[in-house]
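This is what each chain is made of:
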Amino acid sequence: MEKDTLILSFESSCDETSVAVIKNGKEILSNIIATQIKSHQRFGGVVPEVASRHHVEEVTHCIDLALNEAEVTYDDLDAVAVTYGPGLVGSLLIGIMAAKTVAFAHNLPLIKSNHLAGHIYSANLVADLKYPFMALLVSGGHTEIVLVRAPGEFETLGDTRDDAVGEAYDKIGRVLGINYPAGKQVDEMAAKGKDIFDFPRAMVQEDNLDFSFSGLKSSFINRVHHADQIHEELNKDDLAASFQGAVLDILSNKVFRALKQHPVKQLVVAGGVAANQGLRQCLKDDIEKRNLDMDLIFPPLRLCGDNAAMIGAIAQIQYDKKDFADLTVNADPSLDF
Ligand code: KG4
Ligand code: ZN
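What counts, and at which threshold
Residues numbered from 1 in each chain as written. Chains lettered and ligands numbered in written order. Predicted model: local features only at pLDDT ≥ 70, side-chain atom pairs only at ≥ 80, totals over all residues. Heavy atoms only, no water. UniProt positions renumbered as here; feature names shortened; annotations may be inferred. Salt bridge = Lys/Arg side-chain N within 4 Å of Asp/Glu carboxyl O. Helix = DSSP H or I, 4+ residues; strand = E, 2+ residues; numbered from the N terminus. Buried < 20%, exposed > 50% of the residue type's maximum accessible area, 1.4 Å probe, protein only. Pairing = 2+ DSSP bridges. Axes fitted to C-alpha atoms, helices over the stretch in contact; angles between N-to-C directions. Arc of directions from axis to C-beta. Contact = heavy atoms within 4.5 Å. Donors = N, O, S within 2.8 Å, 3.2 Å for Na, K, Ca; no water. Tetrahedral: all angles 85-135°; square planar, octahedral: opposite > 155°, others 65-115°. Near = heavy atom within 4 Å. Polar contact = N/O pair within 3.5 Å; in protein donor to acceptor, adjacent residues only side chain to side chain. Areas by Shrake-Rupley, 256 points an atom, 1.4 Å probe, with all protein chains shown as cover. Nonpolar A, V, L, I, M, F, W, Y, C, P; charged D, E, K, R; others polar. Domains from an automatic or database assignment.

Per an unreviewed UniProt entry, the protein goes by the name tRNA N6-adenosine threonylcarbamoyltransferase and belongs to Companilactobacillus tucceti DSM 20183. What UniProt states about the protein under its Catalytic activity (unreviewed entry) heading is, verbatim, "L-threonylcarbamoyladenylate + adenosine(37) in tRNA = N(6)-L-threonylcarbamoyladenosine(37) in tRNA + AMP + H(+)". Comment text from UniProt for the protein, heading Subcellular location (unreviewed entry), reads "Cytoplasm".

Spelled out as structure tokens, the structure:
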């Protein structure tokens, strides 16, 4: 039997400091997540300088907790992995410095991982991935349809032309008086409301796999402001349901268009917005309706948001390919596939 591989992984691209120990890219021995959301809420979004400061304060403690919870020492590790992009440059650099330091001090190979690839490979922690598979990546910063042809080989088929879907949730949430990040609460309100406002479904008729959410967002905000001006009372649950109805129509339309072009056996939905209950139900129903023989894989809620376990999962693929980095690794804030 082959020896197990243990990877200590770091994620600090935005407002979560996370350190994990992952066995063979599949098993989570620990996944410590220190969230900073409370510090950013009063500003209505993530403040980069505040985020960096928190990462500095948290990262060493997170390493200790991750090793303790996994019941391993530095001597048991085979590699160190870290997110090097995309994300906030100051935040990324803290994780990168911590990972480099551990790698150098303990003479371990260093792996630089793509945050987006990490989100997709969070699915590997709960399912056996079969290639090629399709991934819908929906987060605060990204909305992409990605074909994963082979381990670690990504092809972006569709992307957003403007806002990311999570960003749109957060912006319309603010208009509804919801704290950042608003996605979860909008989702809960949507479940109680009705889709009656008939918001636009941008680009669904177009024969491409790209998205646009800024028109939907503006239409929502204009509707609410107009109602304010004429002192009309709108039902917030119905507003949320109408926004979410448009989002789900757009996502579902483009995903099934992509699946028609590239029939695969698995659809992975990953990223913060993959926590959306409406999206989970909608894609499940759509697969049944179309009678498709396809597994729908949603990572569990705790692995949808940013976390280091997902970085350990993609890093294992890189480890197997001996795709190692040296100590000159820098942050790449606008990294893509
Ligand atoms: O992946 P993530 O944790 O961070 C980024 O890499 O962006 O995603 C965060 C985003 C936020 O915009 C948040 O509002 C959204 O995910 N989100 C949701 C839900 N839970 C989190 N959006 C819709 N429905 C949810 N249940
Ligand atoms: Zn993310």
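Colleague: Could you give an account of the pattern of salt bridges, with specific residues and numbers?
Modeller: In this structure the tally under the stated criterion is 16 salt bridges. For the salt bridge of lysine 23 with aspartate 4, the shortest nitrogen-to-oxygen distance reads 3.8 Å. You can see lysine 23 sitting in strand 2 (residues 16-23) and its partner aspartate 4 sitting in the segment before strand 1 (6-11), a full 19 residues away along the chain. With a relative accessible area of 33%, aspartate 4 lands in the partly exposed category. Between lysine 23 and glutamate 27 there is a salt bridge, and its shortest N-O distance comes to 3.9 Å.

Colleague: Go over the sheet that holds strand 9 (residues 266-270) with me, naming the residues and quoting the values.
Modeller: Judged by pairing direction, the sheet is mixed, and its five strands sit side by side in the order 8-7-6-9-10 without closing on themselves. Edge positions in the sheet fall to strand 8 (153-158) and strand 10 (295-297), since each of these pairs with one other strand and no more. Pairwise comparison of adjacent strand axes, ignoring direction, gives a mean angle of 25 degrees for this sheet. Across three bridges, the pairing between strand 9 and strand 10 is parallel. The residue bridging leucine 267 from the neighbouring strand is leucine 296, located in strand 10.

Colleague: Please set out helix 6 (residues 183-192) residue by residue, giving values where relevant.
Modeller: Within the span of helix 6, buried status applies to Val186, Asp187, Met189 and Ala190. Projected down its long axis, helix 6 shows its buried positions confined to an angular sector of 165 degrees, all on one face. Exposed and oriented more than 90 degrees from the buried face of helix 6 are Lys184, Ala191 and Lys192. Check the buried side of helix 6 and you find it contacts helix 5 (165-175), helix 8 (236-261) and helix 9 (277-289).

Colleague: How would you sum up the coordination of the zinc ion (ligand 2)? Please name residues and give values.
Modeller: The coordination sphere of the zinc ion (ligand 2) contains the protein donors His115 (NE2), His119 (NE2) and Asp306 (OD), at a distance range of 2.0 to 2.2 Å. Every donor counted, the four donor atoms about the zinc ion (ligand 2) form angles of 94 to 143 degrees at the centre, which fits irregular coordination. Read from N- to C-terminus, the donor residues coordinating the zinc ion (ligand 2) fall into the pattern H-x3-H-x186-D. Within this pair, histidine 115 and its partner histidine 119 are both found in helix 4 (residues 115-121), separated by four residues, close to a single helical turn. For the pair shown, histidine 115 and histidine 119 are each scored as buried.

Colleague: Any details on the site of ligand 1? Residues and values, ideally.
Modeller: Surrounding ligand 1, one finds 21 residues, the nearest of these being Gly140, Asp170, Gly183, Gly272 and Asn276. Within the contact set of ligand 1, an oxygen atom lies 3.2 Å away from a backbone nitrogen or oxygen of glycine 166. Note that an oxygen atom of ligand 1 is positioned 3.1 Å from one of the backbone N or O atoms of glycine 183. Expressed as a share of its isolated accessible area of 560 Å², the protein-covered part of ligand 1 is 85%. For the shell around ligand 1, the secondary-structure elements that each account for two or more residues are helix 4, helix 5 and helix 6. The class makeup of the residues in the shell around ligand 1 is six nonpolar, eleven polar and four charged. Mapping the shell around ligand 1 onto the domain boundaries places at least three of its residues in each of domain 1 (6-122 + 304-320) and domain 2 (128-298).

Colleague: Can you lay out unusual backbone geometry for me, pointing to particular residues and giving the numbers?
Modeller: Note that the residue after glycine 85, namely proline 86, is joined by a cis bond; omega there is -10 degrees. Summarising the element assignment, proline 86 is placed in the loop between strand 4 (79-85) and helix 3 (89-105). The backbone of aspartate 198 sits at a positive phi, close to 55 degrees, despite the residue not being glycine. Exposure remark for aspartate 198: the relative accessible area of 66% places this residue in the exposed category.

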